[in-house]
Protein chains: 2
Amino acid sequence: MINYPNGKKQKNTTDKTLSATNRGMTLENDINLSNDFYLEVEKANIHKKPTPVQIVTVDYPKRSAAKISEAYFKVPSTTDYNGVYKGKAIDFEAKECSSKTSFPFSSIHPHQIKHLKSVLSHGAIAFVIIRFSKYNETYFVEAHKVIEAYSGEKRSLPYDWFKQEAILIPTGLCPRVDYLKVIDQLYLGGQK
Amino acid sequence: MINYPNGKKQKNTTDKTLSATNRGMTLENDINLSNDFYLEVEKANIHKKPTPVQIVTVDYPKRSAAKISEAYFKVPSTTDYNGVYKGKAIDFEAKECSSKTSFPFSSIHPHQIKHLKSVLSHGAIAFVIIRFSKYNETYFVEAHKVIEAYSGEKRSLPYDWFKQEAILIPTGLCPRVDYLKVIDQLYLGGQK
(Lines give C-alpha, C1' and ligand atoms only; values in the text may rest on other atoms or scores of the structure.)
Protein backbone atom coordinates (compact mmCIF):
# COMPACT_ATOMS: atom_id res chain seq x y z
CA MET A 1 0.00 0.00 0.00
CA ILE A 2 1.21 3.48 -0.84
CA ASN A 3 1.33 5.84 2.13
CA TYR A 4 0.43 9.50 2.16
CA PRO A 5 3.36 11.89 1.45
CA ASN A 6 3.47 12.87 5.12
CA GLY A 7 4.44 9.32 5.96
CA LYS A 8 1.19 8.54 7.72
CA LYS A 9 -0.48 5.34 6.82
CA GLN A 10 -3.59 5.62 4.72
CA LYS A 11 -6.66 4.50 6.59
CA ASN A 12 -7.32 0.99 5.47
CA THR A 13 -10.95 1.16 4.47
CA THR A 14 -11.35 0.69 0.74
CA ASP A 15 -10.40 -2.94 0.27
CA LYS A 16 -12.46 -4.02 3.24
CA THR A 17 -15.56 -2.08 2.31
CA LEU A 18 -15.44 -3.41 -1.22
CA SER A 19 -15.50 -7.00 -0.10
CA ALA A 20 -18.18 -6.64 2.56
CA THR A 21 -19.98 -3.35 2.48
CA ASN A 22 -21.41 -3.46 5.96
CA ARG A 23 -18.78 -5.34 7.88
CA GLY A 24 -18.25 -3.74 11.23
CA MET A 25 -20.88 -1.06 10.67
CA THR A 26 -23.94 -1.09 12.85
CA LEU A 27 -27.38 -0.88 11.30
CA GLU A 28 -27.99 2.38 13.15
CA ASN A 29 -24.86 3.88 11.69
CA ASP A 30 -25.78 2.70 8.19
CA ILE A 31 -29.24 4.18 8.45
CA ASN A 32 -27.93 7.46 9.81
CA LEU A 33 -25.48 7.71 6.91
CA SER A 34 -28.25 6.87 4.45
CA ASN A 35 -30.44 9.58 5.98
CA ASP A 36 -27.56 12.08 5.73
CA PHE A 37 -27.26 11.15 2.07
CA TYR A 38 -31.01 11.50 1.43
CA LEU A 39 -30.94 14.88 3.15
CA GLU A 40 -27.89 16.05 1.20
CA VAL A 41 -29.32 15.17 -2.22
CA GLU A 42 -32.70 16.59 -1.14
CA LYS A 43 -34.49 13.30 -1.56
CA ALA A 44 -36.05 13.10 1.90
CA ASN A 45 -35.84 14.52 5.40
CA ILE A 46 -35.67 11.65 7.87
CA HIS A 47 -33.90 11.70 11.24
CA LYS A 48 -33.20 9.48 14.16
CA LYS A 49 -34.80 10.85 17.27
CA PRO A 50 -32.44 11.57 20.15
CA THR A 51 -32.23 8.87 22.82
CA PRO A 52 -34.83 9.74 25.46
CA VAL A 53 -33.21 10.45 28.81
CA GLN A 54 -34.64 11.55 32.11
CA ILE A 55 -32.46 14.42 33.27
CA VAL A 56 -32.18 14.63 37.06
CA THR A 57 -29.28 16.97 37.85
CA VAL A 58 -27.64 19.69 35.79
CA ASP A 59 -24.55 21.56 36.97
CA TYR A 60 -23.76 25.03 35.71
CA PRO A 61 -20.01 25.50 36.09
CA LYS A 62 -18.74 29.04 35.61
CA ARG A 63 -17.62 29.87 32.07
CA SER A 64 -18.37 26.44 30.66
CA ALA A 65 -21.27 24.50 29.26
CA ALA A 66 -24.04 23.17 31.46
CA LYS A 67 -23.17 19.63 32.49
CA ILE A 68 -25.75 16.92 33.05
CA SER A 69 -24.40 14.95 36.02
CA GLU A 70 -27.30 12.60 36.65
CA ALA A 71 -29.66 11.19 34.06
CA TYR A 72 -31.24 7.86 33.18
CA PHE A 73 -32.30 6.15 29.98
CA LYS A 74 -36.05 6.09 29.40
CA VAL A 75 -38.03 3.40 27.61
CA PRO A 76 -38.85 4.84 24.19
CA SER A 77 -42.57 5.46 23.64
CA THR A 78 -42.23 5.87 19.89
CA THR A 79 -40.06 4.48 17.12
CA ASP A 80 -36.54 5.75 16.54
CA TYR A 81 -36.87 7.27 13.09
CA ASN A 82 -39.34 9.55 11.38
CA GLY A 83 -39.60 12.25 8.79
CA VAL A 84 -41.04 13.14 5.43
CA TYR A 85 -40.61 11.73 1.91
CA LYS A 86 -42.57 12.87 -1.15
CA GLY A 87 -45.20 14.43 1.07
CA LYS A 88 -45.68 11.25 3.09
CA ALA A 89 -44.98 10.88 6.78
CA ILE A 90 -42.38 8.16 7.30
CA ASP A 91 -42.07 6.28 10.59
CA PHE A 92 -39.96 3.26 11.41
CA GLU A 93 -37.94 1.28 13.90
CA ALA A 94 -34.64 -0.49 13.16
CA LYS A 95 -33.37 -3.63 14.87
CA GLU A 96 -30.28 -5.71 14.49
CA CYS A 97 -30.64 -9.46 15.02
CA SER A 98 -27.67 -11.64 15.93
CA SER A 99 -29.52 -14.96 15.67
CA LYS A 100 -29.25 -16.99 12.48
CA THR A 101 -32.64 -18.61 12.85
CA SER A 102 -35.18 -16.09 14.12
CA PHE A 103 -35.94 -12.53 15.21
CA PRO A 104 -37.21 -12.38 18.83
CA PHE A 105 -40.19 -10.10 19.47
CA SER A 106 -38.68 -9.21 22.83
CA SER A 107 -36.45 -6.71 21.01
CA ILE A 108 -39.47 -4.56 20.13
CA HIS A 109 -41.22 -2.74 22.99
CA PRO A 110 -45.02 -3.05 23.21
CA HIS A 111 -45.10 0.80 23.16
CA GLN A 112 -43.47 0.75 19.77
CA ILE A 113 -46.03 -1.68 18.33
CA LYS A 114 -48.79 0.56 19.66
CA HIS A 115 -47.07 3.55 18.10
CA LEU A 116 -46.74 1.82 14.72
CA LYS A 117 -50.47 0.97 14.80
CA SER A 118 -51.29 4.57 15.56
CA VAL A 119 -49.15 6.22 12.87
CA LEU A 120 -50.40 3.66 10.35
CA SER A 121 -54.00 4.57 11.18
CA HIS A 122 -53.14 8.25 10.58
CA GLY A 123 -51.73 7.51 7.15
CA ALA A 124 -47.98 7.31 7.66
CA ILE A 125 -45.80 4.87 5.78
CA ALA A 126 -44.67 2.70 8.70
CA PHE A 127 -42.28 -0.22 8.79
CA VAL A 128 -39.49 -2.00 10.64
CA ILE A 129 -35.99 -2.51 9.27
CA ILE A 130 -34.45 -5.73 10.57
CA ARG A 131 -30.90 -6.81 9.87
CA PHE A 132 -29.71 -10.39 10.25
CA SER A 133 -26.10 -9.51 11.01
CA LYS A 134 -24.80 -13.05 10.45
CA TYR A 135 -26.03 -13.00 6.86
CA ASN A 136 -25.53 -9.27 6.38
CA GLU A 137 -29.08 -9.09 5.08
CA THR A 138 -31.31 -6.12 5.83
CA TYR A 139 -35.06 -6.51 5.50
CA PHE A 140 -37.90 -4.04 5.10
CA VAL A 141 -41.01 -5.30 6.90
CA GLU A 142 -44.27 -3.42 6.51
CA ALA A 143 -45.66 -2.37 9.89
CA HIS A 144 -48.98 -4.15 9.45
CA LYS A 145 -47.16 -7.48 9.05
CA VAL A 146 -45.10 -6.95 12.19
CA ILE A 147 -48.17 -5.87 14.17
CA GLU A 148 -50.14 -8.90 13.00
CA ALA A 149 -47.35 -11.34 13.84
CA TYR A 150 -46.67 -9.61 17.19
CA SER A 151 -50.33 -9.92 18.19
CA GLY A 152 -50.30 -13.69 17.67
CA GLU A 153 -48.93 -16.42 19.93
CA LYS A 154 -45.45 -16.52 18.46
CA ARG A 155 -42.50 -15.14 20.39
CA SER A 156 -40.26 -14.72 17.39
CA LEU A 157 -40.28 -14.62 13.61
CA PRO A 158 -38.29 -17.35 11.85
CA TYR A 159 -35.65 -16.29 9.36
CA ASP A 160 -37.61 -18.04 6.59
CA TRP A 161 -40.58 -15.79 7.29
CA PHE A 162 -38.47 -12.83 6.19
CA LYS A 163 -37.60 -14.56 2.93
CA GLN A 164 -41.30 -14.78 2.14
CA GLU A 165 -42.92 -11.76 3.78
CA ALA A 166 -40.23 -9.09 3.87
CA ILE A 167 -38.25 -7.29 1.20
CA LEU A 168 -34.47 -7.40 1.04
CA ILE A 169 -33.24 -3.80 1.02
CA PRO A 170 -30.61 -2.98 -1.62
CA THR A 171 -27.37 -2.06 0.13
CA GLY A 172 -24.34 -0.31 -1.27
CA LEU A 173 -21.88 2.42 -0.54
CA CYS A 174 -24.13 5.42 -0.93
CA PRO A 175 -26.75 5.15 0.43
CA ARG A 176 -25.74 2.13 2.46
CA VAL A 177 -29.32 1.01 3.09
CA ASP A 178 -31.55 2.26 0.29
CA TYR A 179 -34.90 1.79 1.99
CA LEU A 180 -36.53 4.62 0.02
CA LYS A 181 -36.21 2.45 -3.08
CA VAL A 182 -38.40 -0.14 -1.35
CA ILE A 183 -40.89 2.57 -0.41
CA ASP A 184 -41.05 3.70 -4.03
CA GLN A 185 -41.79 0.16 -5.10
CA LEU A 186 -44.30 -0.69 -2.39
CA TYR A 187 -46.21 2.51 -1.86
CA LEU A 188 -45.52 5.03 -4.56
CA GLY A 189 -46.38 3.30 -7.78
CA GLY A 190 -43.05 1.68 -8.63
CA GLN A 191 -42.78 -2.00 -9.47
CA LYS A 192 -42.31 -4.48 -6.66
CA MET B 1 -63.04 25.11 49.97
CA ILE B 2 -64.18 21.60 50.88
CA ASN B 3 -61.33 19.16 51.55
CA TYR B 4 -61.16 15.53 50.57
CA PRO B 5 -62.55 13.06 53.18
CA ASN B 6 -59.01 12.01 54.09
CA GLY B 7 -58.33 15.50 55.36
CA LYS B 8 -55.93 16.31 52.56
CA LYS B 9 -56.38 19.61 50.88
CA GLN B 10 -57.79 19.51 47.39
CA LYS B 11 -55.29 20.68 44.83
CA ASN B 12 -56.18 24.22 44.04
CA THR B 13 -56.41 24.18 40.27
CA THR B 14 -59.96 24.64 39.10
CA ASP B 15 -60.69 28.23 40.04
CA LYS B 16 -57.32 29.40 38.70
CA THR B 17 -57.55 27.56 35.39
CA LEU B 18 -61.04 28.86 34.80
CA SER B 19 -59.97 32.45 35.07
CA ALA B 20 -56.84 32.18 32.96
CA THR B 21 -56.44 28.94 31.10
CA ASN B 22 -52.75 29.15 30.50
CA ARG B 23 -51.51 31.02 33.52
CA GLY B 24 -48.38 29.41 34.85
CA MET B 25 -48.33 26.75 32.15
CA THR B 26 -45.50 26.76 29.70
CA LEU B 27 -46.16 26.58 25.99
CA GLU B 28 -44.23 23.32 25.83
CA ASN B 29 -46.40 21.80 28.50
CA ASP B 30 -49.57 23.01 26.78
CA ILE B 31 -48.49 21.53 23.46
CA ASN B 32 -47.50 18.24 25.06
CA LEU B 33 -50.91 17.99 26.72
CA SER B 34 -52.60 18.87 23.43
CA ASN B 35 -50.61 16.15 21.68
CA ASP B 36 -51.56 13.66 24.41
CA PHE B 37 -55.19 14.60 23.81
CA TYR B 38 -54.89 14.26 20.02
CA LEU B 39 -53.26 10.86 20.49
CA GLU B 40 -55.89 9.71 22.98
CA VAL B 41 -58.85 10.61 20.75
CA GLU B 42 -56.96 9.18 17.74
CA LYS B 43 -56.94 12.47 15.90
CA ALA B 44 -53.19 12.67 15.24
CA ASN B 45 -49.86 11.21 16.31
CA ILE B 46 -47.51 14.09 17.08
CA HIS B 47 -44.67 14.01 19.62
CA LYS B 48 -42.01 16.24 21.03
CA LYS B 49 -38.60 14.84 20.23
CA PRO B 50 -36.38 14.10 23.24
CA THR B 51 -33.85 16.79 24.10
CA PRO B 52 -30.66 15.94 22.22
CA VAL B 53 -27.80 15.21 24.61
CA GLN B 54 -24.26 14.09 24.05
CA ILE B 55 -23.69 11.22 26.45
CA VAL B 56 -20.08 11.01 27.66
CA THR B 57 -20.04 8.67 30.65
CA VAL B 58 -22.44 5.95 31.73
CA ASP B 59 -22.06 4.07 35.01
CA TYR B 60 -23.48 0.59 35.44
CA PRO B 61 -24.00 0.13 39.16
CA LYS B 62 -24.81 -3.42 40.26
CA ARG B 63 -28.49 -4.23 40.47
CA SER B 64 -29.69 -0.81 39.41
CA ALA B 65 -30.34 1.13 36.26
CA ALA B 66 -27.52 2.47 34.11
CA LYS B 67 -26.73 6.00 35.25
CA ILE B 68 -25.55 8.72 32.89
CA SER B 69 -23.02 10.68 34.93
CA GLU B 70 -21.68 13.03 32.28
CA ALA B 71 -23.61 14.45 29.35
CA TYR B 72 -24.06 17.79 27.60
CA PHE B 73 -26.88 19.50 25.79
CA LYS B 74 -26.52 19.58 22.01
CA VAL B 75 -27.78 22.28 19.67
CA PRO B 76 -30.90 20.82 18.02
CA SER B 77 -30.50 20.24 14.28
CA THR B 78 -34.22 19.83 13.69
CA THR B 79 -37.42 21.24 15.12
CA ASP B 80 -38.86 19.96 18.38
CA TYR B 81 -42.13 18.45 17.20
CA ASN B 82 -43.19 16.19 14.40
CA GLY B 83 -45.66 13.50 13.50
CA VAL B 84 -48.57 12.63 11.26
CA TYR B 85 -52.08 14.04 10.82
CA LYS B 86 -54.56 12.90 8.19
CA GLY B 87 -51.75 11.34 6.17
CA LYS B 88 -49.69 14.53 6.21
CA ALA B 89 -46.26 14.88 7.79
CA ILE B 90 -46.39 17.59 10.46
CA ASP B 91 -43.27 19.46 11.56
CA PHE B 92 -42.99 22.47 13.82
CA GLU B 93 -41.08 24.43 16.39
CA ALA B 94 -42.59 26.20 19.41
CA LYS B 95 -41.25 29.34 21.06
CA GLU B 96 -42.35 31.40 23.98
CA CYS B 97 -41.74 35.14 23.77
CA SER B 98 -41.56 37.31 26.88
CA SER B 99 -41.36 40.63 25.04
CA LYS B 100 -44.51 42.69 24.54
CA THR B 101 -43.33 44.29 21.34
CA SER B 102 -41.46 41.79 19.18
CA PHE B 103 -40.23 38.24 18.69
CA PRO B 104 -36.40 38.07 18.35
CA PHE B 105 -35.07 35.81 15.61
CA SER B 106 -32.19 34.90 17.89
CA SER B 107 -34.48 32.42 19.60
CA ILE B 108 -34.63 30.27 16.46
CA HIS B 109 -31.43 28.44 15.44
CA PRO B 110 -30.28 28.74 11.80
CA HIS B 111 -30.34 24.91 11.71
CA GLN B 112 -34.00 24.96 12.47
CA ILE B 113 -34.77 27.39 9.65
CA LYS B 114 -32.81 25.16 7.28
CA HIS B 115 -34.75 22.17 8.57
CA LEU B 116 -38.11 23.94 8.06
CA LYS B 117 -37.13 24.79 4.47
CA SER B 118 -36.20 21.18 3.85
CA VAL B 119 -39.34 19.54 5.25
CA LEU B 120 -41.46 22.11 3.43
CA SER B 121 -39.77 21.19 0.15
CA HIS B 122 -40.57 17.52 0.82
CA GLY B 123 -44.24 18.27 1.36
CA ALA B 124 -44.67 18.47 5.13
CA ILE B 125 -47.02 20.90 6.78
CA ALA B 126 -44.47 23.06 8.59
CA PHE B 127 -44.95 25.97 10.94
CA VAL B 128 -43.85 27.74 14.10
CA ILE B 129 -46.03 28.24 17.16
CA ILE B 130 -45.14 31.44 18.99
CA ARG B 131 -46.69 32.53 22.26
CA PHE B 132 -46.59 36.09 23.51
CA SER B 133 -46.74 35.20 27.19
CA LYS B 134 -47.56 38.73 28.34
CA TYR B 135 -50.75 38.71 26.26
CA ASN B 136 -51.34 34.98 26.62
CA GLU B 137 -51.76 34.83 22.85
CA THR B 138 -50.50 31.85 20.88
CA TYR B 139 -49.90 32.25 17.16
CA PHE B 140 -49.61 29.79 14.30
CA VAL B 141 -47.10 31.06 11.72
CA GLU B 142 -46.67 29.19 8.46
CA ALA B 143 -43.06 28.12 7.95
CA HIS B 144 -42.65 29.92 4.62
CA LYS B 145 -43.50 33.24 6.29
CA VAL B 146 -40.96 32.69 9.06
CA ILE B 147 -38.29 31.62 6.56
CA GLU B 148 -38.94 34.67 4.39
CA ALA B 149 -38.79 37.08 7.30
CA TYR B 150 -35.71 35.35 8.77
CA SER B 151 -33.82 35.67 5.47
CA GLY B 152 -34.31 39.43 5.39
CA GLU B 153 -32.48 42.14 7.28
CA LYS B 154 -34.77 42.24 10.29
CA ARG B 155 -33.61 40.88 13.61
CA SER B 156 -37.06 40.45 15.04
CA LEU B 157 -40.72 40.33 14.11
CA PRO B 158 -42.90 43.05 15.63
CA TYR B 159 -46.00 42.01 17.57
CA ASP B 160 -48.17 43.80 15.01
CA TRP B 161 -46.77 41.54 12.28
CA PHE B 162 -48.37 38.58 14.04
CA LYS B 163 -51.73 40.32 14.10
CA GLN B 164 -51.60 40.54 10.31
CA GLU B 165 -49.61 37.53 9.14
CA ALA B 166 -50.20 34.85 11.75
CA ILE B 167 -53.28 33.06 13.01
CA LEU B 168 -54.36 33.16 16.64
CA ILE B 169 -54.69 29.55 17.81
CA PRO B 170 -57.88 28.75 19.72
CA THR B 171 -56.99 27.81 23.31
CA GLY B 172 -59.10 26.04 25.88
CA LEU B 173 -58.98 23.29 28.43
CA CYS B 174 -58.80 20.29 26.14
CA PRO B 175 -56.88 20.57 23.92
CA ARG B 176 -55.13 23.59 25.41
CA VAL B 177 -53.66 24.74 22.11
CA ASP B 178 -55.84 23.52 19.26
CA TYR B 179 -53.36 23.97 16.43
CA LEU B 180 -54.86 21.15 14.35
CA LYS B 181 -57.95 23.33 13.92
CA VAL B 182 -55.74 25.93 12.21
CA ILE B 183 -54.21 23.21 10.01
CA ASP B 184 -57.70 22.09 8.98
CA GLN B 185 -58.54 25.65 8.01
CA LEU B 186 -55.30 26.51 6.23
CA TYR B 187 -54.30 23.29 4.49
CA LEU B 188 -57.11 20.79 4.51
CA GLY B 189 -60.04 22.53 2.93
CA GLY B 190 -61.63 24.18 5.95
CA GLN B 191 -62.47 27.87 5.98
CA LYS B 192 -59.86 30.32 7.14
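Residues numbered from 1 in each chain as written. Chains lettered and ligands numbered in written order. Predicted model: local features only at pLDDT ≥ 70, side-chain atom pairs only at ≥ 80, totals over all residues. Heavy atoms only, no water.

The cut-off we apply is this: UniProt positions are given in the numbering used here, feature names are shortened, and annotations may be inferred rather than shown by experiment.
An unreviewed UniProt entry lists chain A under the name Holliday junction resolvase RecU, with Anaerorhabdus furcosa given as the organism. Regarding chain A, the UniProt comment filed under Function (unreviewed entry) reads as follows: "Endonuclease that resolves Holliday junction intermediates in genetic recombination. Cleaves mobile four-strand junctions by introducing symmetrical nicks in paired strands. Promotes annealing of linear ssDNA with homologous dsDNA. Required for DNA repair, homologous recombination and chromosome segregation." Taken directly from UniProt, the Subcellular location (unreviewed entry) text for chain A runs: "Cytoplasm".

Things to note about the pairing of strand β8 (residues 137-142) of chain B
Residues and elements named next belong to chain B. Defined as follows: Using a 1.4 Å probe on the protein chains alone, a residue whose accessible area is under 20% of its type maximum counts as buried, one over 50% counts as exposed, and one in between counts as partly exposed. Helix numbering and strand numbering both begin at the N terminus, where a helix is a DSSP run of H or I of at least 4 residues and a strand a DSSP run of E of at least 2. When DSSP finds two or more bridges between a pair of strands, those strands are recorded as paired.
By the criterion of burial, β8 is predominantly enclosed, with six of the six residues buried. Every second residue of β8 is oriented toward a common face, with Glu137, Tyr139 and Val141 on one face and Thr138, Phe140 and Glu142 on the other, all of them buried. The pairing of strand β7 (residues 125-132) with β8 spans six bridges and is antiparallel. Looking across to β8, one finds that isoleucine 129 is bridged to phenylalanine 140. In textbook terms, the turn of a hairpin is the stretch between consecutive antiparallel strands, and for β7 and β8 this stretch comprises four residues, one of which, asparagine 136, has a positive phi near 55 degrees. Of the strand pairs in this sheet, β8 and strand β10 (residues 167-168) are connected by two bridges, and their pairing is antiparallel.

Quick word on the nonpolar core
We count it as follows: Here the nonpolar core consists of buried residues drawn from Ala, Val, Leu, Ile, Met, Phe, Trp, Tyr and Cys, with membership extended through side-chain atoms lying within 4.5 Å. Any two residues whose heavy atoms approach within 4.5 Å at even a single point are treated as in contact.
By size, the foremost hydrophobic cluster in this structure holds 50 residues, and its most contacted members are Phe162(A) and Phe162(B). For Phe162(A), the residues in contact, after removing those within four places along its chain, are Phe103(A), Ile130(A), Phe132(A), Tyr139(A), Val141(A) and Leu157(A).

Brief notes about the interface of chain B and chain A
Note the threshold: Once two parts are put together, the accessible area they lose, assessed with a 1.4 Å probe and summed over both, is termed the buried area. Salt bridges are counted wherever a side-chain nitrogen of Lys or Arg sits within 4 Å of a carboxyl oxygen of Asp or Glu. Pairs of N or O atoms are called polar contacts if they sit within 3.5 Å, as long as, within protein, a hydrogen donor faces a hydrogen acceptor (for residues adjacent in sequence, only side-chain-to-side-chain pairs).
On the side of chain A, 37 residues touch chain B, which itself brings 37 residues to the contact. Buried area between chain B and chain A, both sides added, is near 2700 Å², and the carbon and sulfur share of it is 65%. At the boundary of chain B with chain A, the tally comes to zero salt bridges. At the junction of chain B with chain A, the criterion picks out seven residue pairs in polar contact (both at pLDDT 80 or more). Secondary structure elements with two or more residues in the side of chain B that touches chain A: β1 (45-48), β2 (53-59), β3 (67-73), β4 (81-85), β5 (88-97) and α3 (110-121) of chain B. For the side of chain B that touches chain A, the element with the most residues is β3(B), which contributes seven residues.

Brief notes about helix α4 (residues 143-151) of chain B
In an α-helix, one turn spans 3.6 residues; hence positions three or four apart end up facing the same way. Buried within α4(B) we find Ala143(B), Lys145(B), Val146(B), Ile147(B) and Ala149(B). Those residues of α4(B) that are buried are in contact with α3, β7, β8, β9 (156-158) and α5 (159-165) of chain B.

Re the packing of aromatic side chains
To keep things clear, this is the line we draw: Only rings of Phe, Tyr and Trp enter the pairing, Trp through its six-membered ring, and a pair is recorded when the two centres are within 6.5 Å. The plane angle decides the type: under 30 degrees is stacked, over 60 is edge-to-face, the rest tilted.
Applying the stated criterion across every chain yields a total of 34 aromatic pairs over all chains. Between Tyr81(A) and Phe92(A) the ring centres are 4.7 Å apart and the planes differ by 5 degrees, which places this aromatic pair in the stacked class. In this pair, Tyr81(A) is assigned in strand β4 (residues 81-85) and Phe92(A) in strand β5 (residues 88-97), connecting sequence segments eleven residues apart. Under the relative-accessibility criterion, Tyr81(A) is labelled buried at 1%. Considering the side-chain rings of Phe132(B) and Tyr135(B), the 6.4 Å spacing of their centres and the 50 degrees angle between planes classify their relative orientation as tilted. For Phe132(B), a relative accessible area of 0% puts it in the buried group.

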